[in-house]
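Listed below are the residues making up each chain.
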Amino acid sequence: MALLRVFNKQNVAKKVAYLKSNKSFLIFEHSFKSKFPVVYYSSCNSSSHGKVQFLQKKHASQSATPAIKDPLDLSFANPEAAFKSKTTWEVLRAYIVYQLCSSSFLVDNNMKLMKVGKAILGQKMFAQVMKLTFYGHFVAGEDQYKIVPVLKRLHSFGVKPILDYSVEEDISQEEAEKRELEASTSELEQTKEAAAITEDGKYYHSLSFSNVLTLILISGATYGTGITAIKLTALGRPQLLLQLSEVIMRARKFTSEIMGGRGNVIGQNLTQETLEQRLQQAGITDTKKFLEKVTKDAQGVIHLFPWSGLLDVDSNLSDTFRVPCLKEKRMVRLLSQLSKKEEEMFRNMVRRLNTLVRTAKELDVRIMIDAEQTYFQPAISRLTMELMQKYNSEKAIVFNTYQCYLRDTLNEVITDLNQAKRQKFYFGAKLVRGAYIEQERARAAALGYPDPVNPNYEATSEMYHNTLTECLRRIKDLKDQGQPANKIGIMVASHNEDTVRFAIQKMKDIGISPEDKVICFGQLLGMCDYITFPLGQAGYSAYKYIPYGPVNKVLPYLSRRATENKGVLEKISKEKKLLRQEILRRIKSGKLFYTPKGHYTPI
């Protein structure tokens, strides 16, 4: 066996070549002398090594077997179909956990109550209680060994994984900033931890570069269906993303002025000559370098800025953003001069991104970039779109996340779809309703800018359905034109069964089948099983978002998720009803000791 450390980029490339030539299993273990995972490779007949082996690629004989499919009940009211992947104990535990999560008091005070529980029971006993309840229900396991049975069982019931190493430390903001700065200044950053302060400024997301690579490597062992979810704020200094977002918003304002208030450039068929004339008429003459960097094609200008330079580790942010100011009649710098340390921090983040996505592409693993707060999101979306342009040349490897509770989501998606079409790359989108509504509204009120969030849940659902409809219409256009439908890939990431039904009906209306592999569905592990599993068992592309990590280090994640999904957790009466029905069905049929055995093949 060859032993490789995952944080060594050259060895990762060797690993890819080894996998392709030897069709090996992946085996992970932690060295006693190092906190970084160590990767071993073992051929298909090497089970005698006694190591944990991840899912093997299907043999030709397996792929020739007709896939088992169940009829789909669009009322999602069949308890047997919903929970056939669970033991009776797991069904009972789910019911107990949902009962507890229905309490607003418990959800609102979950972190305080967990701290009290840990103080009374002690760390070990408290961890066991968590494994029997909340952790056991919502988290797949403590490490890459213990999640394997979960992945295998999901696969056997037609459901695929989105892996997330969900470790967060509950420390002060000052300590988080100190650790993040230390991590970002190293010349050997690939062996250091990248840190970030998450949305409430309190949690430190200790997602190391090696952990992200481990996620990608594990995903690569899931029958070619692996997806990894990452936060960009976990790979670089959040303050830099905030600064870049502010610059992008200011650049949009200048662009709108140049376009006479008619929105963005990409839809205007603006030629470079016309742009130059407008600038000259405004009295701006020092535009030569600016015009040389304008992004354009045969239809005209696409962007006023060379956004692709954001992924260039040799470029400086402070030199990139010079724009024409009509009011001052000159070129102005949008970003104040950054220090050498800050420029190096940004280049480090870009190096991480390029290495991660390049590795994912080699392993045929998709990466979903999580959406974050609106003050980070312009930078995150811009970087993600440039990653798509660079790496989505043959299929959708990189996916952007769009939060439909925002008023401008549909316009953002249309603009990005247009860019993908003009620059001829594959477009990937995960559509969610959103997770930061209270925080967004509070910040808007405090700083005095318009509330970016839709006024109510109904408006958010309308935005979601309109955005999804636009994506599906574009997919239909591709099919009608004889082009590959998978140039656009969409994940419907929703716990709302009405939205899932809407998506399925729209697919039927415009002739998109699950086999087209352009639409998939996703829910969190432990939530809405009555939607996910019937979809997977009926032959639709269905995913579970799979968190994993040590019990005590995942508690902040569980706390945050409980708060973010408070509305969903308080409205789970249907799932609780189905769980009760399944428990009674098993008692009556004498199947209390039922052992789940699936024979489905995920699409």
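Residues numbered from 1 in each chain as written. Predicted model: local features only at pLDDT ≥ 70, side-chain atom pairs only at ≥ 80, totals over all residues. Heavy atoms only, no water.

A. Fine view of the side chain of lysine 576. Within the secondary structure, lysine 576 is located in helix H25 (residues 573-589). Glutamate 575 is the oppositely charged side chain nearest to the buried, salt-bridge-free lysine 576, at an N-O distance of 10 Å. If we ignore the near neighbours within four places in the chain, the residues touching lysine 576 are Tyr95, Tyr98, Gln99 and Ser102. (Helix = DSSP H or I, 4+ residues; strand = E, 2+ residues; numbered from the N terminus. Buried < 20%, exposed > 50% of the residue type's maximum accessible area, 1.4 Å probe, protein only. Lys, Arg positive; Asp, Glu negative; His and termini not counted. Salt bridge = Lys/Arg side-chain N within 4 Å of Asp/Glu carboxyl O. Contact = heavy atoms within 4.5 Å.)

B. Focus on the sheet that holds strand S4 (residues 159-165). Spatially, S4-S7-S12-S13-S14-S15-S16-S17 is the arrangement adopted by the eight strands of the closed barrel, whose pairing is parallel. Ignoring which end each strand starts from, the neighbouring axes of this sheet average 30° apart. Note that strand S12 (residues 366-369) and strand S13 (residues 398-403) share three bridges and pair parallel. Counterpart to isoleucine 367 in the pairing with S13 is valine 398. (Pairing = 2+ DSSP bridges. Axes fitted to C-alpha atoms, helices over the stretch in contact; angles between N-to-C directions.)

C. Fine view of the side chain of glutamate 470. Relative to the helices and strands, glutamate 470 resides in helix H20 (residues 457-480). A distance of 2.8 Å separates polar atoms of two side chains, one belonging to glutamate 470 and the other to arginine 473. (Polar contact = N/O pair within 3.5 Å; in protein donor to acceptor, adjacent residues only side chain to side chain.)

D. Region of interest: the pattern of salt bridges. Here the structure, examined in full by the defined rule, presents 26 salt bridges. For lysine 69, the salt bridge is made with glutamate 515, and the minimal N-O distance between the two is 2.8 Å. In this pair, lysine 69 is assigned in the loop between helix H2 (60-64) and helix H3 (79-83) and glutamate 515 in the loop between helix H21 (497-509) and strand S16 (519-524), connecting sequence segments 446 residues apart. For glutamate 515, a relative accessible area of 44% corresponds to the partly exposed category. The partner of lysine 86 in a salt bridge is aspartate 529, and the shortest N-O contact between them spans 3.1 Å. You can see lysine 86 sitting in the loop between H3 and helix H4 (88-101) and its partner aspartate 529 sitting in helix H22 (residues 529-537), a full 443 residues away along the chain. Within this structure, Glu80, Glu582, Arg585 and Arg586 form a network of salt bridges that share partners.

E. How the structure looks around the confidence of the model for the protein. The share of residues in the protein with pLDDT of 70 or more is 77%, and the mean pLDDT across the chain is 79. Scored below 50 in pLDDT, residues 15-63 makes 114 contacts in the model with residues more than four places away or belonging to other chains. The low-confidence segment residues 169-173 (pLDDT under 50) makes 16 contacts with residues lying over four places distant or belonging to another chain. (pLDDT = per-residue confidence, 0-100.)

F. Molecular detail of the pairing of strand S14 (residues 427-432). The buried fraction of S14 amounts to six of the six residues, a majority that puts the element mostly inside the structure. Residues of S14 alternate between two faces, with Phe427, Ala429 and Leu431 on one and Gly428, Lys430 and Val432 on the opposite face, all of them buried. Looking at chain direction, S13 and S14 are connected through four bridges and run parallel. Bridge pairing in S14 places asparagine 400 opposite alanine 429. The β-α-β motif built from S13, the intervening helix H18 (residues 409-423) and the parallel element S14 has right-handed crossover chirality. In this structure, S14 lies alongside strand S15 (residues 488-493), joined through five bridges in parallel fashion. (Right-handed = clockwise from strand over helix to strand, strands pointing away.)

G. Representation of the nonpolar core in the model. Core analysis: the biggest nonpolar cluster contains 137 residues, and Ile519 and Phe521 have the highest contact counts within it. When residues of this core are assigned to domains, at least three map to each of domain 1 (69-169 + 513-602) and domain 2 (392-512). Contact partners of phenylalanine 521, with chain neighbours within four places excluded, come to Met491, Val492, Val500, Ala503, Ile504, Met507, Leu535, Tyr540, Ser541, Ala542 and Tyr543. Core analysis: the next-biggest nonpolar cluster, separate from the first, contains 14 residues, Ala140, Tyr165, Leu525 and Tyr548 among them. (Core = buried A, V, L, I, M, F, W, Y, C linked by side-chain atoms within 4.5 Å. Domains from an automatic or database assignment.)

H. Broad picture of unusual backbone geometry. Even without being glycine, phenylalanine 76 reaches a positive phi, approximately 50°. With respect to the element layout, phenylalanine 76 can be found in the loop between H2 and H3. Judged by relative accessible area, phenylalanine 76 falls into the buried class, the value being 2%. For cysteine 528, which is not glycine, the phi torsion reads 55° and is therefore positive. Secondary-structure assignment places cysteine 528 in the loop between S16 and H22. Taking relative accessible area as the criterion, cysteine 528 reaches 5% and is therefore assigned buried.

I. A look at the environment of glutamate 342. Structurally, glutamate 342 can be placed in helix H16 (residues 340-363). What glutamate 342 contacts, discounting residues up to four positions off in sequence, is Arg237, Leu240 and Gln243.

J. Focus on the packing of helix H12 (residues 238-258) against helix H17 (residues 377-391). Relative to each other, H12 and H17 sit at 85°, their axes nearing to 7 Å. One way to sum up the angle between H12 and H17 is to call them roughly perpendicular. Of the residues in H17, those touching H12 at Leu241, Leu244, Ser245, Ile248 and Met249 are Gln377, Pro378, Ala379, Ile380, Arg382 and Leu383. Among the residues forming the contact of H12 with H17, the class breakdown is eight nonpolar, two polar and one charged. (Parallel < 35°, antiparallel > 145°, perpendicular 65-115°, else oblique. Nonpolar A, V, L, I, M, F, W, Y, C, P; charged D, E, K, R; others polar.)

K. Fine view of the packing of aromatic side chains. Taken as a whole and judged by the stated rule, the model has five aromatic pairs. Taking 5.0 Å as the distance between ring centres and 55° as the angle between the ring planes, the aromatic pair formed by tyrosine 375 and phenylalanine 376 counts as tilted. Summarising the burial analysis for this pair, tyrosine 375 and phenylalanine 376 share the class buried. Seen from the ring of tyrosine 464, arginine 433 lies directly overhead, with NZ or CZ sitting 5.0 Å from the centre. (Phe/Tyr/Trp six-rings, centres within 6.5 Å; stacked < 30°, edge-to-face > 60°. Lys NZ or Arg CZ within 6 Å of the ring centre and 35° of its normal.)

L. Representation of the packing of H4 against H25 within the structure. Two elements in contact, H4 and H25, have axes separated by 10 Å at closest approach and are oriented at 150°. Judged by the inter-axis angle, H4 sits roughly antiparallel to H25. In the packing of H4 onto H25, the handedness of the crossing is left-handed. Residue-level contacts link Thr88, Val91, Leu92, Ala94, Tyr95, Tyr98 and Gln99 of H4 to Glu575, Lys576, Leu579, Arg580, Glu582, Ile583 and Arg586 of H25. Class assignment for the residues of the contact of H4 with H25 results in seven nonpolar, two polar and five charged. (Left-handed = near helix turned anticlockwise from the far one by under 90°.)

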